[in-house]
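# Residue-level structural notes
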Amino acid sequence: MDSPQTTSRSGGSWRSLLVWVLVALLLRWLVLEPRWIPSGSMLPTLQLQDRILVEKLRPRLAASRHQPLPLGSVVVFAAPPQLVMAGYDANAALIKRVVGRPGDVLEVRDGVLLRNGQPVREAWLEEPIDYTQAAITVPQDQLWVLGDNRNASLDSHLWGPLPQERVIGTAVWRYWPLSRFGPIRFPHPTAAGVIQAAAVGSTS
């Protein structure tokens, strides 16, 4: 028969485990979420099967302050209404880079993205853009998002602006493979290849 002291220790262990589980769930729901990359739409910055961490605080803070996310942010977002109406999976999440904020005038001409009439220097692109896009002004509370693999990406140039409220979080860290462990900022110098796809997967 267990002594009261043993029972007390056992109960304390279960309570501690429960607290840690709740903390972990809360962090995943509110702060950080692991995701994996099942497509090549963000090559060369993100490779097929990369594991990344998506932080969720910045979009919430930006929304509460009525501010757009910074240009260059790599964002994970719920499928926009335009895609859902076209039959895209409403539960899918996509990953792209923010290239335009409310009020920006964007155009693609001669293989280059122009923002407010000025060419945008994009170190992550491996080749010129092979399509044209007439000038468009990004609406209020929306973003213009494009894949780094610009010529094989289902993004704003096809379905339009992204409501900022659809943003789940920003990709901040790659934790796998270990050879590319670190913050998500610039493309890996040895990246290569083109794979047509658009979504980002959850590790849950």
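Residues numbered from 1 in each chain as written. Predicted model: local features only at pLDDT ≥ 70, side-chain atom pairs only at ≥ 80, totals over all residues. Heavy atoms only, no water.

## Observations concerning the overall build of the chain
For clarity, the threshold we go by: Helix and strand definitions follow DSSP, with helices as H or I runs of at least four residues and strands as E runs of at least two, each counted in order from the N terminus. Each residue's exposure class comes from its accessible area (1.4 Å probe, protein chains only) as a fraction of the maximum for that residue type: buried when under 20%, exposed when over 50%, partly exposed otherwise. Residue contacts follow a heavy-atom distance rule, with two residues in contact if any of their heavy atoms lie within 4.5 Å. Computed with the Shrake-Rupley method and a 1.4 Å probe, the accessible areas treat only the protein chains shown as cover for residues.
The secondary structure content of the chain amounts to 4 helices and 13 strands. Buried positions account for 41% of the 204 residues belonging to the chain. For the chain, contacts bridging at least 24 residues in sequence account for 65% of all contacts bridging at least 6. Accessible area for the chain stands at about 11,300 Å²; split by element, carbon and sulfur atoms hold 59% of it.

## Notes on the sheet that holds strand 6 (residues 112-115)
Selection rule: Whether two strands pair comes down to DSSP finding at least two bridges between them.
Ordered by their spatial adjacency, 4 strands build an open sheet running 7-6-5-8, and the pairing between neighbours is antiparallel. Taken across any chain shown, the strands that pair with only one partner, and hence form the sheet edges, are strand 7 (118-119) and strand 8 (133-137). Taken together, the 3 bridges between strand 5 (residues 105-109) and strand 8 define a ladder with antiparallel strand orientation. The partner of Val 108 across the bridge, within strand 8, is Gln 133.

## Side note on the pattern of salt bridges
What counts, and what does not: The working definition used for a salt bridge is a side-chain nitrogen of Lys or Arg within 4 Å of a carboxyl oxygen of Asp or Glu.
Throughout the structure, instances matching the rule amount to 8 salt bridges. Among the ionic pairs, Glu 33 bridges to Arg 35, the shortest N-O distance being 2.7 Å. The class for Arg 35 is buried, based on a relative accessible area of 10%. Each member of the salt-bridge network shares a partner with another, and the members are Glu 33, Arg 35 and Lys 56.

## Thoughts on the pairing of strand 2 (residues 51-55)
In this structure, strand 1 (residues 32-36) lies alongside strand 2, joined through 5 bridges in antiparallel fashion. When the bridges of strand 2 are listed, Glu 33 appears paired with Val 54.

## Observations regarding the confidence of the model for the chain
Let me state the cut-off plainly: pLDDT is a per-residue confidence score from the predictor, ranging from 0 to 100.
For the chain, the average pLDDT comes to 83, and 76% of its residues sit at 70 or higher. With pLDDT under 50 throughout, residues 187-198 is counted as low confidence; its partners more than four residues away or in other chains account for 33 contacts.

## Thoughts on the side chain of Glu 122
Inspection of the secondary structure puts Glu 122 in the loop between strand 7 and strand 8. Take Glu 122: its relative accessible area is 10%, and that puts it in the buried class. If near-sequence neighbours (up to four positions away) are discounted, Glu 122 is found in contact with Val 99, Leu 113 and Arg 150.

## A few points about unusual backbone geometry
In the segment running from Leu 43 into Pro 44, the intervening peptide bond is cis, with an omega of 0°. Assignment of secondary structure puts Pro 44 in the loop between strand 1 and strand 2. With an omega of 5°, the peptide bond running from Trp 176 to Pro 177 counts as cis. Along the chain, Pro 177 turns up in the loop between strand 11 (167-176) and strand 12 (182-183). The backbone phi angle of Asn 116 is positive, close to 55°, even though this residue is not glycine. Residue classification places Asn 116 among the partly exposed residues on the basis of a relative accessible area of 43%.

## Some details on the packing of aromatic side chains
Going by this rule: We call Phe, Tyr and Trp rings a pair once their centres come within 6.5 Å, taking the six-membered ring for Trp, and we label the pair stacked below 30 degrees between planes, edge-to-face above 60, and tilted otherwise. Our definition puts a charge over a ring when NZ of Lys or CZ of Arg is within 6 Å of the ring centre and also within 35 degrees of the ring normal.
Scanning the model with the defined rule gives 2 aromatic pairs in all. Summarising the aromatic geometry, the rings of Phe 77 and Trp 159 are spaced 6.1 Å apart at their centres and angled 55° between planes, so their arrangement reads as tilted. Of this pair, Phe 77 sits in strand 3 (residues 74-78) while Trp 159 sits in helix 4 (residues 156-159), and the two are 82 residues apart along the sequence. A single burial state applies to Phe 77 and to Trp 159, both of which are buried. Note that Arg 97 overlies the ring of Trp 124, its terminal NZ or CZ placed 3.6 Å from the centroid.

## Thoughts on the nonpolar core
Cut-off, in case you're wondering: Definition used in this section: a nonpolar core is a set of buried Ala, Val, Leu, Ile, Met, Phe, Trp, Tyr and Cys residues joined via side-chain atoms within 4.5 Å.
Among the nonpolar cores identified, the biggest contains 13 residues, and Val 75, Phe 77, Val 145 and Val 167 are the most heavily contacted of them. Those elements that provide at least two residues to this core are strand 3, strand 4 (93-100) and strand 9 (142-146). The contacts of Val 145, once residues within four sequence positions are left out, are Val 75, Phe 77, Lys 96, Arg 97, Val 98, Asp 155, Ser 156, Trp 159 and Leu 162. By size, the runner-up hydrophobic cluster in this structure holds 11 residues, among which are Ile 37, Ile 52, Val 54 and Ile 95.

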